[in-house]
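Reading the structure
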Amino acid sequence: MAKVKTTFFCQNCGAQYAKWQGQCNSCKEWNTIAEEIIQKQEKAAWKSESSTTSKAPKPLRINEIDCAEEIRLDTTDGELNRVLGGGIVPGSLILLGGEPGIGKSTLLLQISLKLPYKTLYVSGEESQKQIKMRAERITPNGDNCYILTETKTQNIFKQIEAIQPEIVIIDSIQTLHTDYIESTAGSISQIRETTAELIKFAKETNIPVILIGHITKDGTIAGPKILEHMVDTVLQFEGDRNHVYRILRSLKNRFGSTAEIGIYEMLGSGLREVSNPSEILISHKDEELSGTAIATTLEGMRPLMIEIQSLVSTAVYGTPQRSTTGYNAKRLNMILAVLEKRAGFRLGAKDVFLNVTGGISVDDPAIDLAVVAAILSSNEDIPVEKGFCFAGEVGLSGEIRPVNRVDQRIQEAEKLGFSTIFVSKYNKIALKNTGIKIQLVAKIEDVASQLFG
């Protein structure tokens, strides 16, 4: 048996130190460095049959490397395929993180039950009966899905050799431990070692592995930051548990774009793909109400129509309140200052509340014009016409600035039946003979005069 070795790790960022110190030099956090045992045996947990006879790799000229397109595995889930860039790449390692109870296990169990490939679902958090109860609620059929409740990587690899699955799902990486590291499951050294073993297994066998990861209170993946660097793809599953909609984002993707999102609706029977999110993000009402405006935004390559709600009222207390939900509060203050200084609207002594419906957060500056329309509509108590929508960025001098991919936004608005879209007159529009009226505006005063006379 080798000599027991200890070292010190930062529990926040994973930095390693030879001795204890009060502050981490990497992340500057205090009292996060703890001692861990790192005794390690000679052999590795995963060892392929050919590893003893394999030849060392030789360097190749870049034009000699085979660059044939990799065949991807279809997940049968259109939203997940879009976020991954077309499907799962064989031999890749995917990390899925999110809040407790947001639906990470439900999403992967639902997919594993529908996959046409032999799938091994390894759970270190639930029993087989618990998983079976959830699987019955989602879908009763799942002939290709095998359930294993195990936390030791050595036993997991034995079952993988016996079953020979085509996809492996681990729920979750923080529950795994290996015999070759003497520390508790979920510690920095255990997470790093078990992930390294799974990476070695995935690359040598060409079998993709999907990991579920816990997150910390500030929303980052729990464990060392190196965990996100080791894997090929990092996905974030987010949403407000008080709303039924969930958004799947790609934070890192070696095989595709990080700009795509997938949208799901949480139902009693599992997660439903939302193919047209604009219809669910816009509330359906019979009468026109003041303080609402429709904006066209982009999430990745997908155009969305979202509803902006605003309430402007006289400030009862001394200091006027500025409150936002799903929108940057500093940007709201900037827009209010522009309305006060450039357009002459007296909003300094009024409370302003702003809300993006559907429980989503939007950073696209193209919704500025809809925010202005909603605020002025509530201030004047005059509703914006039902068929109007907006796409424009507001500058500090009160001008309406052009936005990117305006043609795609116009097409989405036309597809959903809007009659008029307000865009900047400085946008270069390539569309001809559209069924929607394109209203070109240059300043905030132009928008106010056309909406409210």
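Everything below is about the structure printed above this text.
Parameters and conventions
- Residue indices follow the written sequence of each chain, beginning from 1 at its first position.
- Only residues with pLDDT of 70 or above have their local features reported here, since the model is predicted, and side-chain atom pairs are shown and tallied only from 80 upward, although totals for entire chains, interfaces and linings are computed over all residues.
- Note that water and hydrogens are dropped before the side-chain values are worked out from all heavy atoms of the structure.
- Any two strands with at least two DSSP-identified bridges between them are counted as paired.
- Helical segments are the DSSP runs of H or I of at least four residues, strand segments are the runs of E of at least two, and each set is numbered from the N terminus.
- Whether two residues are in contact is decided by their heavy atoms: any pair within 4.5 Å suffices.
- Interaxial angles span 0 to 180 degrees and are taken between N-to-C directions of axes, which are lines fitted to C-alpha atoms, for helices over the stretch in contact.
- Note on definitions: the grid is 1 Å and covers protein atoms alone; a cavity is a set of points where a 1.4 Å probe fits but cannot get out; a pocket is an open set with protein on both sides within 12 Å along at least five of seven lines; lining residues have an atom within 4 Å of a point.
- Grid points are joined across faces, edges and corners, and a volume is the space filled by probe spheres set on the points.
- Under the scheme applied here, ten amino acids are nonpolar (Ala, Val, Leu, Ile, Met, Phe, Trp, Tyr, Cys and Pro), four are charged (Asp, Glu, Lys and Arg), and all others, including Gly, are polar.
- Pairs were defined over the aromatic rings of Phe, Tyr and Trp, the Trp ring being its six-membered one, requiring ring centres within 6.5 Å. Orientation was assigned from the angle between planes: stacked under 30 degrees, edge-to-face over 60, tilted for the rest.
- Burial classification: accessible surface area is computed with a 1.4 Å probe over protein chains only, and a residue below 20% of its type maximum counts as buried, one above 50% as exposed, and the rest as partly exposed.
- Here the angle decides the label: under 35 degrees means roughly parallel, over 145 means roughly antiparallel, 65 to 115 means roughly perpendicular, and every other value means oblique.
- Crossing handedness follows the turn of the near helix against the far one: under a right angle anticlockwise gives a left-handed crossing, and clockwise gives a right-handed one.
- One side-chain nitrogen of Lys or Arg within 4 Å of one carboxyl oxygen of Asp or Glu is enough to make a salt bridge.

**Brief notes about the sheet that holds strand β3 (residues 33–37)**
Spatially, the three strands line up as an open sheet ordered β2-β1-β3, and their pairing is antiparallel. The two strands at the open ends of the sheet, each matched to only one other strand, are β2 (16–17) and β3. Sheet topology note: the strand β1 (residues 6–10)/β3 ladder contains five bridges and is antiparallel. Its bridge partner lying in β3, Phe 9 is registered against Ala 34. Of the strands in this sheet, β1, β2 and β3 touch helix α5 (residues 188–205), which is tilted by about 95° from β1.

**A look at unusual backbone geometry**
When glycine is set aside, most residues are seen to have a negative phi, and most peptide bonds are trans. For the bond running from Asp 171 to Ser 172, omega is 10°, close enough to zero to count as cis. When you line up the elements, Ser 172 lands in the loop between β7 (167–171) and α5.

**Regarding empty space enclosed by the protein**
For the structure shown, the criterion picks out four cavities of 30 Å³ or more. By volume, the largest cavity amounts to about 70 Å³. Forming the boundary of the largest cavity are Tyr 245, Ile 247, Ile 261, Ile 263, Pro 277, Ile 280, Leu 281, Glu 299, Leu 304 and Ile 360. Elements with a minimum of two residues in the lining of the largest cavity: β10 (245–253), β11 (261–267) and α7 (277–281). For the lining of the largest cavity, the element with the highest residue contribution is α7, accounting for three residues. Tallied by class, residues from the lining of the largest cavity come to nine nonpolar, no polar and one charged. Here the second largest cavity defines a volume of roughly 50 Å³. Contributing to the lining of the second largest cavity are Leu 80, Leu 84, Ile 88, Ile 94, Leu 96, Leu 107, Leu 108, Ile 210, Leu 235 and Leu 248. Here the residues of the lining of the second largest cavity are counted per class, giving ten nonpolar, no polar and no charged.

**Digging into the packing of aromatic side chains**
Evaluation of the coordinates by the stated rule reveals four aromatic pairs. Pairing Phe 237 with Tyr 264 gives two aromatic rings, centres 6.0 Å apart and planes at 80°, and the pair type is edge-to-face. In this pair, Phe 237 is assigned in strand β9 (residues 233–238) and Tyr 264 in strand β11, connecting sequence segments 27 residues apart. The burial state of Phe 237 is the same as that of Tyr 264; both residues are buried. Measuring from ring centre to ring centre gives 5.1 Å for Phe 390 and Phe 422, while their planes differ by 25°; the resulting arrangement is stacked. Of the two residues, Phe 390 is situated in strand β17 (residues 388–391) and Phe 422 in strand β20 (residues 420–424); the sequence distance between them amounts to 32 residues. Accessibility expressed as a relative area gives 0% for Phe 390, which makes it buried. Among the aromatic residues, those joined into a cluster by ring pairs are Phe 388, Phe 390 and Phe 422.

**Here's the deal with the side chain of Thr 178**
Positionally, Thr 178 belongs in the loop between β7 and α5. Every residue in contact with Thr 178, bar those within four places of it in the chain, is listed here: Thr 153, Gln 154, Gln 190, Glu 193, Thr 194 and Glu 197.

**What about the packing of helix α9 (residues 368–380) against helix α11 (residues 444–452)?**
Between α9 and α11, the least distance of the axes is 11 Å, while the angle of their chain directions is 50°. Relative to α11, the element α9 lies oblique. Once α9 is placed against α11, the crossing between them reads as right-handed. Contacts between α9 and α11 involve Leu 369, Val 372, Ala 373, Leu 376 and Ser 377 from the first element and Ile 444, Val 447, Ala 448, Leu 451 and Phe 452 from the second. The residue makeup of the contact of α9 with α11, split by class, is nine nonpolar, one polar and no charged.

**Some details on the pattern of salt bridges**
The final tally for this structure, using the stated rule, is 17 salt bridges. Glu 64 serves as the salt-bridge partner of Arg 61, at 3.2 Å between the closest nitrogen and oxygen. Take Arg 61: its relative accessible area is 58%, and that puts it in the exposed class. In this structure Glu 64 comes out as partly exposed when scored by relative accessible area, which is 43%. Taking the shortest distance from any N to any O, the salt bridge between Glu 393 and Arg 331 comes out at 3.6 Å. Residue Glu 393 is located in strand β18 (residues 393–394), and its partner Arg 331 is located in helix α8 (residues 329–341); the two are separated by 62 residues in the primary sequence. Beyond isolated ion pairs, a larger network of salt bridges with shared partners links Glu 79, Arg 82 and Arg 302.

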